[in-house]
Amino acid sequence: MITYEYERIADIKRLNFIAACLQQNIPARARVLDVGCGNGVISRHLGQFGYEVLGIDISQKTIDVARSKNKLPNVRFEAVSAEALTAQGQQYDAVICSEVLEHLHQPGLLLQTIYASLKPEGVLIVTVPNGKGPREVCVTKPMLKARSNPKLWSFINSVKRALGFKGTTVQSQADNLDHVQFFTYKDLQQLAAAHDFKIVQIAKTNFVEDVFPFSLFTKRIKFLQALDCKVAELLPVGLTGGFNTVWRKA
């Protein structure tokens, strides 16, 4: 029986997308590299399907959390950079890069490393927020701007605490989770092409369930989360909250 550590429907939708893509494109018990694995939720989920999974992250703190939660012999975690791992000459049937590129000032450098780590027939699965989607426009960018005003930032945090927002994430214990890249789908296509990849599949995530004030209700009512994910499927790709994509070497 496949279990989930995520509770949010959009996160489960992303996990299902990743697992389905692997099942369609790589052999059973294939080798999978999870880059920027954070707390290891995706790695452990994929391990349930029998894949040999290595999750890597440069944050020792988050790798310690990943290891403490792991009970699967076919899943392991290392505090190492993708560059250092590639230098060892290992290649993988699939590479996962989920909710990572938006945190990097130079995402192209990581993609160069991933290219070298991926077998010629392998698949790269990339998920990122839509830089012009509802959450990035209405929440992420305003919050980043508000931090430059200490009094305003203090007030916002006090309101968030009062409303029950903890400011933590299941995905990672890393100290800095700021978004520094805001990709449109066109941006993502250009980034892929510039590093000898081609996007061969795209799926939408959600719409407004994680945007305040809707999030006050949706975080407690799963039906509204599920409905929001279905609504996203009916809208143009530019309105989705994020992109789930499959890349192959060009």
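To start, this report covers the structure provided alongside it. In this text, all values refer to a predicted model and were calculated from it rather than measured experimentally.

Describing helix α3 (residues 60-69)
Part 1 of the argument: For α3, the full list of buried residues reads Thr62, Ile63, Val65 and Ala66. For α3, the angular spread of the buried residues around the axis is 155°, confining them to a single face.

What about the sheet that holds strand β1 (residues 31-35)?
Part 1 of the argument: Pairing is mixed across the open sheet formed by seven strands, whose spatial order is β3-β2-β1-β4-β5-β7-β6. With partners counted over all chains shown, the strands left at the sheet margins are β3 (75-79) and β6 (197-204), one partner each. Going from strand to strand, the sheet's axes swing by 20° on average, the running direction of each strand aside.
Part 2 of the argument: Of the pairings in the sheet, the one linking β1 to strand β4 (residues 92-98) comprises three bridges and is parallel in character. Looking across to β4, one finds that aspartate 34 is bridged to isoleucine 96.

Things to note about helix α7 (residues 150-162)
Part 1 of the argument: With 13 residues, α7 extends 18 Å between its outermost C-alpha atoms, agreeing within 8% with the 18 Å of an ideal straight helix rising 1.5 Å per residue.
Part 2 of the argument: Of the residues trailing α7, glycine 164 is marked for its positive phi of about 90°.

Reading the values: the criteria
Residues numbered from 1 in each chain as written. Predicted model: local features only at pLDDT ≥ 70, side-chain atom pairs only at ≥ 80, totals over all residues. Heavy atoms only, no water. Buried < 20%, exposed > 50% of the residue type's maximum accessible area, 1.4 Å probe, protein only. Helix = DSSP H or I, 4+ residues; strand = E, 2+ residues; numbered from the N terminus. Arc of directions from axis to C-beta. Pairing = 2+ DSSP bridges. Axes fitted to C-alpha atoms, helices over the stretch in contact; angles between N-to-C directions. Expected span 1.5 Å × (residues − 1).

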